[in-house]
Amino acid sequence: MLLRLGKTALVGTVAALFVLFAFGNLTDYGSNWAFVQHVLAMDTIFADSTLRWRAITDPTLQTLFYWSIIGWQLATAAVLVTATARLALATGDPARFQAVKGYAAVGLMMALLLYGLGFTVVGGEWFAMWQSHQWNGLESANRFITLTGIVLIVLMQGEGGGAAPTS
């Protein structure tokens, strides 16, 4: 039961992180809005970069990108908060806990997609965020990917430490 409680706490940790991400973006809108604008505009990448043609400077499209990020964070937070509650309610029953782990795995994969696909692939590579010294979120994205990936791996381990049965 202690392993199930630990797994629940780990999923809850990532849930809390996503609640705070969304809350921060909604209550301090301007800080991360500036980040999104600069990354999409590619205005702080290397001066001689030939990738600038990829830039998005239209404020409407930039807003759409930003709200897509916030929406994904809110959806991920909702799935992970619900998953944490489901796991907590199932900690006393190994079979039931196993049955509800999939919902938590979906939330964790949503988190990995945001920071893996959204920030690393799209922001980091397509918009060349890695070239910016001022607006480079790759280090932060890597921290979130690492935390979430570790939680997903731990969650999916079976009670005896081996891999959980697949469905």
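Rules used throughout
Residues numbered from 1 in each chain as written. Predicted model: local features only at pLDDT ≥ 70, side-chain atom pairs only at ≥ 80, totals over all residues. Heavy atoms only, no water. Axes fitted to C-alpha atoms, helices over the stretch in contact; angles between N-to-C directions. Helix = DSSP H or I, 4+ residues; strand = E, 2+ residues; numbered from the N terminus. Parallel < 35°, antiparallel > 145°, perpendicular 65-115°, else oblique. Left-handed = near helix turned anticlockwise from the far one by under 90°. Contact = heavy atoms within 4.5 Å. Nonpolar A, V, L, I, M, F, W, Y, C, P; charged D, E, K, R; others polar. Patch = residues over 30% accessible without salt bridge, like charges linked within 9 Å, V, L, I, M, F, W, Y side chains within 5 Å. Areas by Shrake-Rupley, 256 points an atom, 1.4 Å probe, with all protein chains shown as cover. Salt bridge = Lys/Arg side-chain N within 4 Å of Asp/Glu carboxyl O. Buried < 20%, exposed > 50% of the residue type's maximum accessible area, 1.4 Å probe, protein only. Phe/Tyr/Trp six-rings, centres within 6.5 Å; stacked < 30°, edge-to-face > 60°. Polar contact = N/O pair within 3.5 Å; in protein donor to acceptor, adjacent residues only side chain to side chain. Core = buried A, V, L, I, M, F, W, Y, C linked by side-chain atoms within 4.5 Å. Expected span 1.5 Å × (residues − 1). Arc of directions from axis to C-beta.

Participant: How do you make sense of the packing of helix α2 (residues 29-41) against helix α3 (residues 59-90) when you look at a structure like this?
Facilitator: In helix packing, the relevant descriptors are the interaxial angle and the interaxial distance, both defined with respect to the helix axes. As a packed pair, α2 and α3 sit with axes 10 Å apart at the nearest point and diverge in direction by 120°. Taken together, the axes of α2 and α3 lie oblique to each other. Where α2 crosses over α3, the two elements pack in a sense that is right-handed. Along the contact surface, α2 presents Y29, N32, W33, V36, Q37, L40 and A41, while α3 presents P59, Q62, T63, F65, Y66, W67, I69 and I70. Of the residues belonging to the contact of α2 with α3, the class tally is 11 nonpolar, 4 polar and no charged.

Participant: Sorry, what's going on with the environment of G107 here?
Facilitator: Tracing the chain through its elements places G107 in helix α4 (residues 94-126). Aside from chain neighbours lying at most four places away, what touches G107 is T76, V79 and L80.

Participant: Help me out: how do you make sense of a nonpolar patch on the surface in this one?
Facilitator: A surface patch of nonpolar side chains, about 360 Å² in accessible area, is lined by W72, L113, L117 and V121. In this structure, W72 sits in helix α3. On the basis of relative accessible area, W72 is assigned to the partly exposed category, the value being 35%.

Participant: I would appreciate a short explanation of the packing of aromatic side chains in the present structure.
Facilitator: Two numbers describe a pair of aromatic rings. These are the distance of the centres and the angle of the planes. Applying the stated criterion to the full structure yields 15 aromatic pairs. Between F18 and Y115, the aromatic rings sit 5.9 Å apart at their centres with planes inclined by 65°, giving edge-to-face as the arrangement. Placement of F18 in helix α1 (residues 2-27) and of Y115 in helix α4 is noted, with a sequence separation of 97 residues between them. Relative to W67, the ring of Y29 lies with its centre 5.8 Å away and its plane at 35°, an arrangement referred to as tilted. Note that Y29 is positioned in helix α2 and W67 in helix α3, a separation of 38 residues in sequence. Joined through ring pairs, the aromatic side chains of F18, F21, F35, Y115, F119, W135 and F144 make up one cluster.

Participant: So what exactly am I meant to see when it comes to the side chain of T84 here?
Facilitator: Here T84 is to be found in helix α3. Looking at T84, the relative accessible area reads 18%, which means it is buried. There is a polar contact of 3.4 Å between the side chain of T84 and the backbone nitrogen of G12. Residues within four places of T84 in sequence aside, it is in contact with T8, V11, G12 and A15.

Participant: Could you clarify how one ought to interpret the side chain of N25 in this entry?
Facilitator: Within the fold, N25 resides in helix α1. For N25, a relative accessible area of 4% gives the class buried. Not counting residues up to four positions away in its chain, the partners in contact with N25 are N32, Y66, I70 and Q73.

Participant: I keep staring at the environment of A141 and nothing clicks. Help me out?
Facilitator: Among the secondary structure elements, A141 is positioned in helix α5 (residues 138-156). Taking the C-alpha atoms as reference, A141 lies 13 Å from V14; in sequence the two are 127 residues apart. For A141, the contacting residues outside a window of four places in its chain are Y115, F119 and T120.

Participant: Please clarify how the nonpolar core should be interpreted in this entry.
Facilitator: Membership of the largest hydrophobic core comes to 40 residues, with the highest contact counts inside it found for V11, F18, L108 and Y115. When neighbours within four sequence positions are excluded, F18 is seen to be in contact with Q73, T76, A77, L80, A111, L114 and Y115.

Participant: Could you clarify how one ought to interpret α5 in this entry?
Facilitator: The terminal C-alpha atoms of α5 lie 26 Å apart, and with 19 residues this matches the ideal 27 Å at 1.5 Å per residue to within 8%. Within α5, the full set of buried residues consists of L138, A141, F144, T148, G149, V151, L152 and L155. Seen end-on, α5 carries its buried residues on one side only, within an arc spanning 165°. Turned more than 90 degrees from where α5 packs its buried face, E139 and I153 sit exposed. As for α5, its buried residues are in contact with α1, α3 and α4.

Everything listed here is a matter of geometry and, on its own, says nothing about what the molecule does.
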